[in-house]
Amino acid sequence: MTEKTKTAPAADRLVQIMAKLRDPDGGCPWDLEQNFASIAPYTIEEAYEVADAIQRDDLGQLKDELGDLLLQVVFHSRMAEERGLFDFAAVADGIADKMVRRHPHVFGDVDIATSQAQTLAWEDQKAEERARRAHAEHRELSALDGVALNLPALLRAQKLQARAARVGFDWPDAAPVYAKVDEEIAEVRAAAAGGDTAALTDEIGDLLFSVVNLARHLNVDPEGALRAGNAKFERRFHRLEALAAERGVNLRTADLAALDALWETAKAEE
């Protein structure tokens, strides 16, 4: 039995279930009320839950989360089908065609020997697709085209910077980026001292953007680094709470010195 014959019945069943849920005659009232915009936050949430299951190495949960994410694809496809735009089969065929097109070394006669070369070829293919899209829309192509607005802010900053770097708008190495971070910190201090909330927000944004740029130059994924930093803080704070309970310390009334001592103990234990 081929993968296609094993997969198709399950996919067809899911598509049929969604069609029934969206059927005005006997469907689910909640599902019937939804539209692309109302479902989009759930789609993003499910993608994050997939990433969370991977991060925790919970492969059983990963199967469930992938199912939830697939449901989102089927849901959007069904709503599009109802409007005569496209259906799930068109979505699947579209991504299949794209994968074949972007892997000519597998499905064609192009020779690509390394993963690095494949990454460059992949980016070239995407750039060609963006150029064709801009031409079809009768507008000038921008190096920043295709960077989704709803990406997490750190990830979007990283992608914007990488796109600009491809056309030469970039520091030659990390040294001037360190200086830029220092400059932005000074500007944050000045804005904070001036008491202008709008200016402070603007300068904090510039500082974060510069830190992302520094991470990029140091070949560190800023989104992953912050996620790891969040996890570390959470782990250590849980230990701080446990230490406080063991020592009879009330977190709400303890002074900062006592809390800092607990924090340092939690850090030292790691």
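Counting starts from 1 at the beginning of each chain's written sequence and moves along it residue by residue. Per-residue local features are limited, in this predicted model, to residues with pLDDT of at least 70; the limit for side-chain atom pairs, both in listing and counting, is 80 or more; totals at the level of whole chains, interfaces and linings are taken over all residues. Values reported for side chains reflect all heavy atoms of the structure, with hydrogen atoms and water molecules removed beforehand.

S.K.: Teacher, can you tell me more about the side chain of Glu-46 here?
M.R.: Among the structural elements, Glu-46 can be located in helix α3 (residues 36-55). Note on classification: 1.4 Å probe, protein chains only; a residue is buried when its accessible area is under 20% of the maximum for its type, exposed when over 50%, partly exposed between these limits. Asp and Glu are treated as the negative residues and Lys and Arg as the positive ones, with His and the ends of the chain left uncounted. The term salt bridge refers to a side-chain nitrogen of Lys or Arg lying within 4 Å of a carboxyl oxygen of Asp or Glu. Buried charge without a salt bridge: Glu-46, with Arg-56 as the nearest opposite-charge side chain at an N-O distance of 11 Å. For Glu-46, the contacting residues outside a window of four places in its chain are Glu-65, Asp-68, Leu-69 and Gln-72. In this text, helices come from DSSP runs of H or I with a minimum length of four residues, and strands from runs of E with a minimum of two, each type numbered from the N-terminal end. Contact definition: two residues touch when any of their heavy atoms are within 4.5 Å.

S.K.: Help me understand α3 in this model?
M.R.: Since the α-helix packs 3.6 residues into each turn, any two residues three or four apart lie on the same face. Between its first and last C-alpha atoms α3 spans 28 Å; for 20 residues at 1.5 Å apiece the expected length is 28 Å, and the two agree. Along α3, the residues classified as buried are Ile-39, Glu-46, Val-50 and Ala-53. Taken end-on, α3 shows its buried residues confined to a sector of 65 degrees, consistent with a single buried face. Among the exposed residues of α3, those pointing more than 90 degrees away from its buried face are Ala-37 and Gln-55. Against the buried residues of α3 lie α2 (29-33) and α4 (59-82). Among the residues of α3, the N-terminal cap falls to Asn-35, whose side-chain oxygen and the backbone nitrogen of Ala-37 are separated by 3.0 Å. Positive phi appears at Asp-57, one or two residues downstream of α3, with a value of about 55 degrees. An expected span of 1.5 Å times one less than the residue number is assigned to each helix. The arc under discussion is defined with respect to the helix axis, by the directions toward the C-beta atoms. Two N or O atoms count as a polar contact when they lie within 3.5 Å, although within protein this holds only if one can serve as hydrogen donor and the other as acceptor, and sequence-adjacent residues are included solely when both atoms are side-chain atoms.

S.K.: Would you take a moment to explain the packing of helix α8 (residues 153-166) against helix α10 (residues 197-217) for this structure?
M.R.: Packed helix pairs are characterised by how far apart their axes lie and by the angle those axes make with each other. Relative orientation of the contacting elements α8 and α10 amounts to 65 degrees, with a least axis distance of 9 Å. The element α8 and its partner α10 pack so that their crossing is right-handed. Seen from α8, the contacting residues are Leu-154, Ala-157, Gln-158, Gln-161, Ala-162 and Ala-165; seen from α10, they are Phe-209, Val-212, Asn-213 and Arg-216. The residue makeup of the contact of α8 with α10, split by class, is six nonpolar, three polar and one charged. Helix axes use the C-alpha atoms of the stretch in contact, all axes being lines fitted to C-alpha atoms, and the angles between their N-to-C directions lie in the range 0 to 180 degrees. Each helix crossing is assigned a hand: it is left-handed if the near helix lies turned anticlockwise from the far helix by less than a right angle, otherwise right-handed if that turn is clockwise. Each residue receives one of three labels: charged for Asp, Glu, Lys and Arg, nonpolar for Ala, Val, Leu, Ile, Met, Phe, Trp, Tyr, Cys and Pro, and polar for the others, Gly being one of them.

Bear in mind that shape data such as this cannot, by itself, settle questions of function.
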